[in-house]
Amino acid sequence: MKRDHSAVLPGDGDTDYARYMRTDALLDLQRPPGQMIHRDELLFQVVHQSAELWLKLAEAELTEAACRIDAGDPAAAEPLITRATLGVRLVTDQLEMFRYLSPADFQAMQPALGNGSGAESPGWRRVQGASRQLGRAFCEHLAARRIELSALAAATPTDPLHRLAEAMVEWDERVSFWRVRHYQVAVRIGGHAPAGTKGSPATMLAKLIEHRFFPELWRARTSTADEPTDDHSAPHLP
Ligand code: HEM
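Because the structure is a prediction, the values reported are computed rather than measured. (Residues numbered from 1 in each chain as written. Predicted model: local features only at pLDDT ≥ 70, side-chain atom pairs only at ≥ 80, totals over all residues. Heavy atoms only, no water.)

(A) Main features of the site of the ligand. His-48, Ser-117, Arg-179, His-182 and His-192 are the nearest of the 21 residues found near the ligand. Elements that contribute at least two residues to the shell around the ligand include exactly helix H3 (41-70), helix H8 (160-190) and helix H9 (201-208). Per-element tally for the shell around the ligand: the top contributor is H8, with 6 residues. (Near = heavy atom within 4 Å. Helix = DSSP H or I, 4+ residues; strand = E, 2+ residues; numbered from the N terminus.)

So this is what it looks like as structure tokens:
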């Protein structure tokens, strides 16, 4: 039997795909060729706009992960953080597109960008807030159960809290990877003075690479590096 493709959903667009995905509005979000001062504006907008979407998803997953921890279900938080981490990996991969944006072409489109900076990205701001919220939820969960971070890091690898802590460390690491790639893009395209030059944006970006949302988890993790971690000797958490 032939499948009925006629639109049944409310909204704009000829098809239910267009109506549900709101493709008319989405594809209208890029400047039309007639308004562009440089054709690479499309490349520039697509990378930034899709980054905002992935970051929106990452923020939602981190926020929900914090709620699950608050509700006493840390095992449910881990896969949500893993999704957020994949989101930030995809945002990192998208930076590869800037290999094909030359410094001269980037300079030519500058007037179209006004005084805008990626530092004003709402996605990144919200993701940072959600990361802090996650860190707070995690610490409160441990404190309420009198669990020391050192015990957690040495716990059996299948322990839900241990796995959650590892997922948080990976999130932290992937954000740092993004910063490494972003720093390289900024230096390669932006023609900034190298890191170390006082007041240079590159110096600021290079410093941020060291930033961690959960430094105490990194410390606890490495301070147990010499201790045995096999299933028989590692403690099981309450
Ligand atoms: C051609 C590509 C890009 C260049 C040349 C570039 C350059 C820069 C520079 C020079 C800074 C330092 C602050 C400033 O001077 O404005 C910065 C900061 C920042 N940019 Fe970009 N950027 C690019 C793409 C992106 C993309 C795709 C995003 C994703 C939303 C982004 C997000 C950020 C963020 C969040 C900061 C604040 C620093 C941080 O939190 O690590 N940038 N960028």
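(B) Inspection of the coordination of the iron atom of the ligand at higher detail. For the iron atom of the ligand, the protein supplies a single donor, His-182 (NE2), at a distance of 2.1 Å. With respect to the helices and strands, His-182 occurs in helix H8. (Donors = N, O, S within 2.8 Å, 3.2 Å for Na, K, Ca; no water.)

(C) Molecular detail of the packing of aromatic side chains. Summed over all chains, the structure comprises 4 aromatic pairs. A centroid spacing of 5.9 Å and a plane angle of 50 degrees characterise the contact between Phe-44 and Phe-98, whose relative ring orientation is tilted. Separated by 54 residues along the polypeptide, Phe-44 in helix H3 and Phe-98 in the loop between helix H4 (74-94) and helix H5 (103-113) bring together distant segments of the chain. Just as Phe-44 is buried, Phe-98 falls in that class too. Aromatic rings pair up to connect Phe-44, Phe-98 and Phe-106 into one cluster. (Phe/Tyr/Trp six-rings, centres within 6.5 Å; stacked < 30°, edge-to-face > 60°. Buried < 20%, exposed > 50% of the residue type's maximum accessible area, 1.4 Å probe, protein only.)

(D) Molecular detail of the confidence of the model for the protein chain. For the protein chain, mean pLDDT is 92; residues scoring 70 or higher make up 92% of the total. The low-confidence segment residues 228-235, where pLDDT is below 50, has 13 contacts with residues more than four positions distant or belonging to other chains. (pLDDT = per-residue confidence, 0-100. Contact = heavy atoms within 4.5 Å.)

(E) Inspection of the environment of Ala-167 at higher detail. Along the chain, Ala-167 falls in helix H8. Classification of Ala-167 by relative accessible area gives buried; the value is 10%. Sequence separation of Ala-167 and Pro-79 is 88 residues, and the distance between their C-alpha atoms is 8.3 Å. Among all residues touching Ala-167, those that are not within four sequence positions of it are Glu-78, Ile-81 and Thr-85.

(F) Seen up close, the pattern of salt bridges. Tallied over the entire structure, the rule returns 9 salt bridges. Of the charged contacts, one joins Glu-170 and Arg-174 as a salt bridge, the two residues approaching to 3.7 Å between their closest N and O atoms. On the criterion of helical spacing, the pair formed by Glu-170 and Arg-174 is a turn pair, its members being 4 residues apart in helix H8. The exposure class of Arg-174 is partly exposed, given its relative accessible area of 22%. Where salt bridges share partners, they join Glu-96, Arg-99 and Arg-181 into one cluster. (Salt bridge = Lys/Arg side-chain N within 4 Å of Asp/Glu carboxyl O.)

(G) The arrangement of a nonpolar patch on the surface in detail. Residues Val-8, Leu-9, Tyr-17, Tyr-20 and Met-21 make up a contiguous nonpolar surface patch of about 590 Å² in total accessible area. Within the secondary structure, Val-8 sits in the segment before helix H1 (16-21). (Patch = residues over 30% accessible without salt bridge, like charges linked within 9 Å, V, L, I, M, F, W, Y side chains within 5 Å. Areas by Shrake-Rupley, 256 points an atom, 1.4 Å probe, with all protein chains shown as cover.)

(H) Representation of the nonpolar core in the model. If you look at the biggest cluster of nonpolar residues, it comprises 44 residues, and the most contacted ones within it are Ile-81, Phe-98, Phe-138 and Trp-171. Secondary structure elements with two or more residues in this core: H3, H4, H5, helix H6 (122-144) and H8. Ranked by the residues each element gives to this core, the list is headed by H8, at 11 residues. Those residues within four positions of Phe-138 in sequence are excluded, and the remaining contacts are Ile-69, Leu-149, Leu-152, Leu-161, Leu-164, Ala-165, Met-168 and Leu-217. Tyr-183, Ala-186, Leu-205 and Ile-209 belong to the second-largest nonpolar core, a separate cluster that totals 5 residues. (Core = buried A, V, L, I, M, F, W, Y, C linked by side-chain atoms within 4.5 Å.)

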